[in-house]
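Descriptive analysis of the structure
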Amino acid sequence: SYVIDQQSVVTPILSQMQASNIGQTIVDLSANTNRYYTSSSGVAASNWLRQKWTTLAGGRADITVEQFSHPNWAQKSVIATIQGTDNGSEVIVMGAHLDSINQSGGSGETMRAPGADDDASGVASLTEVLRALVQANYKPRRTLKFMAYAAEEVGLRGSQEIANSFAAANVNVVGVLQLDMTNYKGAANDIYLFSDYTDSAQNTFLSNLIATYLPTLRVGTDRCGYACSDHASWNAKGYFASMPFEAGMSSSNPYIHTANDTYANMGSQADHALKFARMAAAYAVELGSDGP
Ligand SMILES: N[C@H](Cc1ccc(I)cc1)C(=O)NO
Ligand SMILES: [Zn+2]
Ligand SMILES: [Zn+2]
């Protein structure tokens, strides 16, 4: 249920989350020539993230990290699972996309696509959530799944294969959060909740979470007008999805899909992304703490 009642657990977790950790992950991910879904550096980035999430899991028996293989291209998605204690059949998905692209094309191998904001920022935000939950020794009652999707930029293909396989297996996913571009503060408001291809009740829950845990932040709403990120893959299968976004339609990061989508072009800091990471951590604990 969307009751907010875990303040004693959430507040200390939020206080130990740090922008510098998010920034380091953005730097590391955007150091790859690109993270294109068919390139060797795209494959390397997937392997790197798998190792990073495995290290963060710190040997906890209830946490597994795996790669989801996609038959038609090389880059694998990465999934970290924190198995729920007594309500594990109900699953919460928090996603971002691992791949990057340069709209000028060129061969996959040599294309420069740092993708610092699109979407290393989202992967880095989720990585900080995972680190903070493990550091707090948080054990969710529901199952939490962190997903770094391959092949978003070429038609939401990685998340489509995953969402379709979850639907086919009748997995009871109770909520999906998508973080795609979290670190470029182009607009007056801090977090924009997209209203299309998302669930309005869950969007209201997110705005209540922000009001409760991040009361200084200003929330806006906007529409993509098309299936603009991986939340749409889950929405298409009838799952409740939300997409909090860095800015409004007209003020989002102008550098995306170019060689200039760099950490430096976001001021070499991750303060904006930290807001999204904290919101995601609150979402994970408040939803994850609900029993059967
Ligand atoms: N098209 C999306 C980015 C994107 C999403 C929403 C808006 I408004 C502007 C830009 C993308 O490239 N996702 O990877
Ligand atoms: Zn993109
Ligand atoms: Zn993106």
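Everything quoted here is computed from the prediction, not taken from an experiment.

The rules behind these values
Residues numbered from 1 in each chain as written. Chains lettered and ligands numbered in written order. Predicted model: local features only at pLDDT ≥ 70, side-chain atom pairs only at ≥ 80, totals over all residues. Heavy atoms only, no water. Donors = N, O, S within 2.8 Å, 3.2 Å for Na, K, Ca; no water. Tetrahedral: all angles 85-135°; square planar, octahedral: opposite > 155°, others 65-115°. Helix = DSSP H or I, 4+ residues; strand = E, 2+ residues; numbered from the N terminus. Buried < 20%, exposed > 50% of the residue type's maximum accessible area, 1.4 Å probe, protein only. Axes fitted to C-alpha atoms, helices over the stretch in contact; angles between N-to-C directions. Parallel < 35°, antiparallel > 145°, perpendicular 65-115°, else oblique. Left-handed = near helix turned anticlockwise from the far one by under 90°. Contact = heavy atoms within 4.5 Å. Nonpolar A, V, L, I, M, F, W, Y, C, P; charged D, E, K, R; others polar. Arc of directions from axis to C-beta. Pairing = 2+ DSSP bridges. Core = buried A, V, L, I, M, F, W, Y, C linked by side-chain atoms within 4.5 Å. Lys, Arg positive; Asp, Glu negative; His and termini not counted. Salt bridge = Lys/Arg side-chain N within 4 Å of Asp/Glu carboxyl O. Polar contact = N/O pair within 3.5 Å; in protein donor to acceptor, adjacent residues only side chain to side chain. Near = heavy atom within 4 Å. Areas by Shrake-Rupley, 256 points an atom, 1.4 Å probe, with all protein chains shown as cover. pLDDT = per-residue confidence, 0-100.

**Describing the coordination of the zinc ion (ligand 2)**
- Within the protein, D118 (OD), E153 (OE), E153 (OE) and H257 (NE2) serve as the donor atoms for the zinc ion (ligand 2), at 1.9 to 2.4 Å.
- The site at the zinc ion (ligand 2) holds six donor atoms, and with the angles between them running 56 to 156 degrees, its shape is irregular.
- For the zinc ion (ligand 2), the donor residues sit on a single chain with the sequence spacing D-x34-E-x103-H.
- Taken as a pair, the zinc ion (ligand 2) and the zinc ion (ligand 3) show a spacing of 3.4 Å, with D118 coordinating each metal. A residue pair is termed long-range when its members are at least 10 positions apart, and E153 in the loop between β4 (143–149) and α5 (157–168) and H257 in the loop between β9 (244–245) and α8 (271–288) qualify at 104 residues.
- A relative accessible area of 18% places E153 in the buried class.
- Taking the relative accessible area as the measure of exposure, H257 reaches 22% and is therefore partly exposed.

**Thoughts on the packing of helix α6 (residues 200–213) against α8**
- Running from N to C, α6 and α8 point in directions that differ by 110 degrees, and their axes come no closer than 10 Å. In terms of orientation, α6 lies roughly perpendicular with respect to α8. Seen from above, α6 lies across α8 with right-handed handedness. Here Q202, F205, L206, L209, I210 and Y213 of α6 come into contact with α8, specifically with M279, A282, Y283, E286 and L287.
- Across the contact of α6 with α8, the residue classes tally to nine nonpolar, one polar and one charged.

**Here's the deal with helix α1 (residues 7–15)**
- All of the buried residues in α1 are V10, I13 and L14. The buried residues of α1 all sit within an arc of 95 degrees when viewed along its axis, so they share a single face. In α1, the exposed positions that point more than 90 degrees away from the buried face belong to S8 and S15.
- Buried residues belonging to α1 abut α4 (116–135), α6 and α8.

**A short note on the sheet that holds β9**
- With respect to topology, three strands assemble into an open sheet ordered β7-β6-β9, the strand pairing being mixed. Each of the sheet's edge strands pairs with one partner strand only, and the pair in question is β7 (219–222) and β9.
- The pairing of strand β6 (residues 191–194) with β7 spans four bridges and is parallel. The residue bridging F194 from the neighbouring strand is D222, located in β7.
- Across the sheet, α6 is in contact with β6 and β7; its angle to β6 comes to roughly 165 degrees.

**Points about the nonpolar core**
- Core analysis: the biggest nonpolar cluster contains 62 residues, and W53, L133 and F146 have the highest contact counts within it.
- For this core, the element with the most residues is α8, which contributes 12 residues.
- Dropping the residues within four chain positions of it, L133 is found in contact with I13, R60, I82, Y138, L144, F146, A284 and V285.
- The next biggest cluster of nonpolar side chains, apart from the first, holds 14 residues, and it includes M147, I162, F166 and A241.

**Quick notes on the side chain of K145**
- By secondary structure assignment, the location of K145 is in strand β4.
- Comment: no salt bridge for buried K145; closest opposite-charge side chain is E66, at 4.4 Å.
- Of note is the side chain of K145, whose polar atom sits 2.7 Å from the side chain of T81.
- Each residue touching K145, except ones within four places of it in the same chain, is listed here: E66, I79, A80, T81, V91, I92, V93, M94 and F166.

**Examining the site of ligand 1**
- Residues in contact with ligand 1 amount to 14 residues; listed here are only the nearest, E152, E153, Y226, M249 and H257.
- Taking H257, its side chain carries an N or O atom lying 2.8 Å from an oxygen atom of ligand 1.
- Compared with its free state, where it exposes 390 Å², ligand 1 has 91% of that area covered by protein.
- Of the residues contributing to the shell around ligand 1, the split by class is seven nonpolar, three polar and four charged.

**Re the confidence of the model for the protein chain**
- Mean pLDDT over the protein chain stands at 97; residues scoring 70 or higher make up 100%.
- Here the predicted complex scores 0.98 on pTM and 0.94 on ipTM.

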